[in-house]
Each structure stands twice: as structure tokens, then as C-alpha cells.
Amino acid sequence: MTVTRTLATSGRVLTQVRHDPRTVGLLLVVPSLLIGLIAWMFTDTEVFHDIGPAMIALFPFIVMFLVTSIATLRERRSGTLERLLSMPMGKGDFILGYALAFGLLAVFQTAIAVSFAVWVCGLEIEGSLWLLFAVAVADALLGTALGLLASAFARTEFQVVQFLPVLVFPQVLLGGIFVPRDQLPEVLEAISEWLPLSFAIDALQAVAGDTESTGWIVAKLLVIGAWIVGAIVVGSVTLRRRTP
Amino acid sequence: MMNNAAVADGAAIVVHELHVRRGRTRVLDGLSLAVPRGRIVGLLGPSGSGKTTLMRSLVGVQVVQSGSIEVLGLPAGSRSLRRRVAYVTQQASVYDDLTVRQNLAYFRRVLGAPASDVDRVIERTALGPYAGRLAGSLSGGQRGRVSLAAALLGTPEVLVLDEPTVGLDPVLRVELWQLFRSLADEGATLLVSSHVMDEAKRCDRLLLMRDGALLADDTVDGVLAFTGTDDVETAFLRLIEQGRPDLPPRDAAARDTVPDAAMRDAEGSR
């Protein structure tokens with residue numbers, strides 16, 4: 001693994017994204033528009049106040065998952081991954097290069113989404129805005145890391161999209177947006193305790209309501225971080241130079 | 001012992017008893033061959049004969065069941081070979097949403113080749129007029145040339161090219177073969193696959209392949225003399241009819257069973 005190859009890969013991925021205005025739009029603008037839509041739907045009610053923080057977790061997570069998994073899958077399909085792996089390209093360079101590029105996009109995306117939710121939609125944040133931003137970035141990175149991992153187990157774009165209902169939707173349903181997690185049946189609550197998105201939603205709601213200590217939120221951040229690192233490590237281990 | 005001395009001495013690639021299975025199909029069934037250094041070797045056969053699988057095995061991206069492959073004296077896929085061996089897949093493996101120059105600049109950084117290499121390979125493949133265009137906006141032939149240009153970065157010693165001339169107009173095809181010849185003159189070893197038998201006459205040696213086995217491993221003249229024909233297409237058919245491959249002896253047992261080839265080899269006709 002070398003810094004040069006990792007950074008070369010990140011730079012290349014970002015150049016590719018820049019050449020595709022639609023993807024730039026999807027990444028930077030769409031999550032904010034969806035948050036705006038929710039805020040508008042629930043005008044004059046308390047609902048947006050309650051679920052707004054969760055929406056900051058939800059849309060960037062899904063968008064990053066989708067874009068990352070398809071981008072890396074295209075690399076497999078186009079033969080460029082095979083070319084790179086027949087070159088002196090480390091598997092870690094490749095995965096980390098992607099993670100860095102989409103991580104950077106996630107930072108921009110989150111900054112826009114958080115700003116839009118707070119200053120345009122009027123989402124009230126009792127706790128630290130910086131902490132909210134940190135959790136939201138970690139959450140978008142989580143989407144990227146899981147997307148990288150999912151693409152390792154898919155052979156076509158069609159199969160990658162199938163991971164959305166399998167891997168992503170259950171996390172959304174059990175994450176405490178529809179039913180608070182402590183009101184779920186015992187088994188489901190136990191499962192939801194382990195799902196990475198639950199940590200992000202818990203942390204964002206805690207920052208928004210200022211209901212927990214900074215230490216508690218940082219602990220949640222660390223768990224999300226562990227999931228990110230784990231997904232990236234497993235993703236690069238499952239990358240094979242030799243294929244059948 | 002596994003190859004006759006004449007071939008093994010100058011060989012860039014030596015394959016011995018290679019078995020490859022893809023899914024339940026045996027694609028390569030005990031293949032042995034040698035590619036001499038500094039030559040253009042044509043790998044010819046109908047589609048589905050195992051050419052691509054063989055090439056993938058040589059560059060170390062194919063899972064192989066058994067057998068040995070040595071490239072430049074090292075096991076295929078060795079770390080140090082990744083700089084010295086370049087592989088061009090049948091479909092252009094380039095990024096459609098990057099310009100020609102951006103594609104080459106990225107691959108150059110991955111290889112750690114000198115910065116001047118990008119301009120050198122653009123000139124070599126006559127891509128100058130398209131350097132600023134997105135690869136996705138080019139014709140199939142032009143994209144193929146970008147893919148080839150990427151393989152020339154870092155001046156590899158061995159080039160493995162999978163059907164590089166497919167779908168090209170005759171003028172471009174001639175230009176490409178001139179490029180291959182000049183690369184070989186500079187000392188590179190080229191293994192070029194094709195399903196067009198016509199292209200055989202441009203090669204120094206031929207590997208004729210069918211159903212995962214070799215029909216011939218000889219010079220063009222050698223193949224024609226062995227089969228008593230004057231074009232490679234007919235020679236190919238003759239070899240199938242005869243059911244007797246035109247192969248150099250690879251060990252003592254083979255020497256006994258293939259007297260013709262053994263004799264030709266002894267006379268040093270190659």
C-alpha cells in the first residue's frame with residue numbers, strides 16, 4: 001500500500017464524479033431537498049422537530065451507500081479493476097482511495113444537509129452543532145463503507161440495488177424513526193441494538209435534544225467508526241486478484 | 001527438462017501442464033507452451049477456445065487448478081511482474097468518464113512510471129487529437145487504442161494483448177501491427193490473440209488453439225510445411241482432420257511420439 005496510489009485513486013474517482021453533473025446533484029443537493037420535503041409535509045406540527053435529526057442520518061446514508069456501491073461495481077464490470085489488480089495496485093490502496101474520495105464528498109454533503117435542516121427548515125438543535133455535524137459525517141461515511149462492502153458481493157448493478165431492501169431498509173425500519181426503539185418487541189429491540197444506523201440515529205437525536213452527555217455521544221461515534229473500519233477491512237479482504 | 005533447451009533458453013513465458021476450470025467447464029486441459037523473448041507470438045483460435053483464459057492465467061488474474069506458469073523466470077502474478085507485464089483485455093478497460101489524458105495519467109501514477117510517459121504513449125498510439133476528449137465519446141477502435149496506450153506506460157517487457165485488432169478498419173490494423181513490430185524490435189515480447197487467421201502471417205510464431213488444447217506451437221512457415229498448405233486457415237483445418245498436433249517435443253516421451261517435430265527441431269529450422 002502506498003500513499004501515492006491511494007491518493008491517485010481518490011483524485012481519479014473525484015474527477016470522474018465531477019464529469020457527471022447528475023451524480024454531483026444526487027450527492028450534494030438531493031438529501032437536502034428530501035429533508036426540506038419532510039419539513040414542508042409536517043409544517044405547523046411537532047413531527048419535523050422529532051424526526052428531523054433522524055432524517056439527517058437517513059438520506060445521506062442511503063445516497064452514499066447507493067453511489068459508492070454502484071461506482072465500485074462499475075469498476076469491476078468495466079474491466080478496469082482487473083487491469084488495476086494486474087498492475088502494482090494494492091487492494092488497500094483501491095478501497096481506501098474510494099473511501100477517501102467519497103468520504104470527502106460525504107463531508108460536503110453533510111455540511112449542506114445540516115445547514116439546510118437547521119437554517120432553512122428551522123430544525124432546533126439544543127446541543128452542539130459541531131457534534132451534530134461530526135455524527136452526520138460519520139453516518140455518511142458508514143453508508144460509503146457499507147456500499148464498498150456490498151459491491152464485493154454483487155456481480156451486476158441490478159444485484160447491488162437489491163442490497164438496498166436487504167441491508168438498508170431493515171436498519172431504517174428498526175432505527176427508531178417509525179417506532180421508538182425501546183417500544184419495539186424485545187427481539188427486534190435486541191436486533192436494533194446491533195444495527196449501525198441505530199447508533200447514528202440515537203446520537204443525532206441526543207445531540208438535537210441535548211439529552212445525553214458528550215461522552216455518551218462520542219461513544220456512539222466510536223461504534224460507528226468501528227463499523228466503518230470493519231466494513232473497509234472486510235471489503236479489501238474480499239477483493240480478489242485472481243478470480244475464477 | 002520440461003521444455004527443449006532451444007525454447008526454454010530465450011523464453012519469456014513457459015507454461016507447463018496448465019489446467020484451468022471455469023465453473024464446471026474445463027477450459028484449459030494440460031496446456032504446455034513457451035513464448036520466446038523479443039518475438040511476436042500469435043495466439044489463434046476460434047472464440048471459446050480458451051485464449052482469454054490462458055492470457056488471464058499468464059498475467060495472474062485467473063484462478064488455476066494446477067500446472068506451472070513462469071513469466072520472465074518468475075511465477076505468473078508475482079508482485080514484481082506487475083510492472084513488467086502489461087495486459088490489454090478484449091474490451092477496452094478504461095474510464096469512460098475521464099479524458100484520454102486523465103486515464104493515462106492515473107494509470108501512470110499507479111505504475112509509478114515517469115511523468116513523460118503519458119505524452120510518449122499518446123504519440124506512439126497516435127491519440128494526440130483525442131487526448132482531451134472523454135474516453136466514452138470515442139469510437140470502439142479509439143477506446144481500444146487508449147487501453148493499449150495504458151499498457152505501454154512504464155515500457156513493459158511482456159505485453160499480453162487480447163484481440164487488439166478486432167473491429168478495426170484495415171488501415172488501422174496495419175498501423176497497429178507496425179506498432180507491435182517496432183515494440184518487438186525494441187526487445188518486448190508480445191503475445192497477441194486473434195480469431196482472424198489472416199493475422200498469423202504477421203507473427204514470428206503461432207500458437208493454434210482449439211477446445212483448450214494446442215494444435216500447433218511453431219513458426220508460420222513450420223505450420224504450413226507440417227500441414228502441406230499455403231494458408232493458416234487451411235492448416236488449422238488440416239491439423240484438426242489429422243488429429244496430430246504440430247508441437248515441439250516437451251520431454252523425452254513427447255520426442256518419441258512426435259518424430260516430425262523432433263526432427264525439425266534438431267535441424268534447427270526454427
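Below you will find a few notes about this structure. (Residues numbered from 1 in each chain as written. Chains lettered and ligands numbered in written order. Predicted model: local features only at pLDDT ≥ 70, side-chain atom pairs only at ≥ 80, totals over all residues. Heavy atoms only, no water.)

1. Here's the deal with the sheet that holds strand β4 (residues 66-71) of chain B
All names here are of chain B.
Part 1: With antiparallel pairing, the 4 strands of this open sheet are ordered in space as β2-β1-β4-β5. Single-partner strands in this sheet number two, and they are β2 (25-36) and β5 (74-75).
Part 2: Strand direction decides the pairing type here: β4 and β5, joined by 2 bridges, are antiparallel. By the bridge assignment, Glu70 is partnered in β5 with Pro75.
Part 3: The sheet contacts of helix α2 (residues 51-59) involve β1 (11-22), β2 and β4, and relative to β1 the element is tilted by about 120°. (Pairing = 2+ DSSP bridges. Helix = DSSP H or I, 4+ residues; strand = E, 2+ residues; numbered from the N terminus. Contact = heavy atoms within 4.5 Å. Axes fitted to C-alpha atoms, helices over the stretch in contact; angles between N-to-C directions.)

2. Examining the interface of chain B and chain A
Part 1: In this assembly, 31 residues from chain B lie in contact with 26 residues from chain A.
Part 2: Here chain B meets chain A over a buried area of about 2,700 Å², counting both sides, of which 53% is carbon and sulfur.
Part 3: At the boundary of chain B and chain A, one finds 2 salt bridges.
Part 4: Between Asp97(B) and Arg74(A) there is a salt bridge, and its shortest N-O distance comes to 2.8 Å.
Part 5: Looking at the side of chain B that touches chain A, the elements with two or more residues in it are α2, α3 (81-84), β6 (85-88), α4 (100-111) and α6 (140-152) of chain B.
Part 6: Sort the elements by how many residues they give to the side of chain B that touches chain A and α4(B) lands first, with 6 residues.
Part 7: Looking at the side of chain B that touches chain A, its residues break down into 17 nonpolar, 8 polar and 6 charged. (Buried area = accessible area lost by both parts, 1.4 Å probe. Salt bridge = Lys/Arg side-chain N within 4 Å of Asp/Glu carboxyl O. Nonpolar A, V, L, I, M, F, W, Y, C, P; charged D, E, K, R; others polar.)

3. A few points about unusual backbone geometry
All names here are of chain B.
Part 1: With a phi close to 55°, Ala126 is a non-glycine residue in the positive phi region.
Part 2: Relative to the helices and strands, Ala126 resides in the loop between α5 (117-124) and α6.
Part 3: Classification of Ala126 as partly exposed rests on a relative accessible area of 42%.
Part 4: Backbone geometry at Glu163 places phi at a positive 45°, although glycine is not the residue there. (Buried < 20%, exposed > 50% of the residue type's maximum accessible area, 1.4 Å probe, protein only.)

4. So, the packing of aromatic side chains
Part 1: In the structure shown here, the tally under the stated rule is 7 aromatic pairs over all chains.
Part 2: On the numbers, 6.5 Å between centres and 85° between planes, the contact of Trp130(A) with Phe133(A) is edge-to-face. Pair noted here: Trp130(A) and Phe133(A) are both in helix α7 (residues 129-152), with a separation of 3 residues, about one helical turn.
Part 3: The exposure class assigned to Phe133(A) is partly exposed, which follows from its relative accessible area of 21%.
Part 4: Pairwise contacts between aromatic rings join Phe94(A), Tyr98(A) and Phe102(A) into one cluster.
Part 5: The positively charged end of Arg83(A) is found above the aromatic ring belonging to Phe107(B), 5.2 Å away from the centroid. (Phe/Tyr/Trp six-rings, centres within 6.5 Å; stacked < 30°, edge-to-face > 60°. Lys NZ or Arg CZ within 6 Å of the ring centre and 35° of its normal.)

5. Points about the pattern of salt bridges
Part 1: What the rule picks out here adds up to 17 salt bridges over all chains.
Part 2: A salt bridge links Glu186(B) to Arg124(B), with the nearest nitrogen and oxygen atoms 2.6 Å apart. Of this pair, Glu186(B) sits in the loop between α7 (170-185) and β8 (189-194) while Arg124(B) sits in helix α5, and the two are 62 residues apart along the sequence.
Part 3: Shared partners join several salt bridges into a network, and the residues in it are Arg181(A), Glu193(A), Asp202(A) and Lys220(A).

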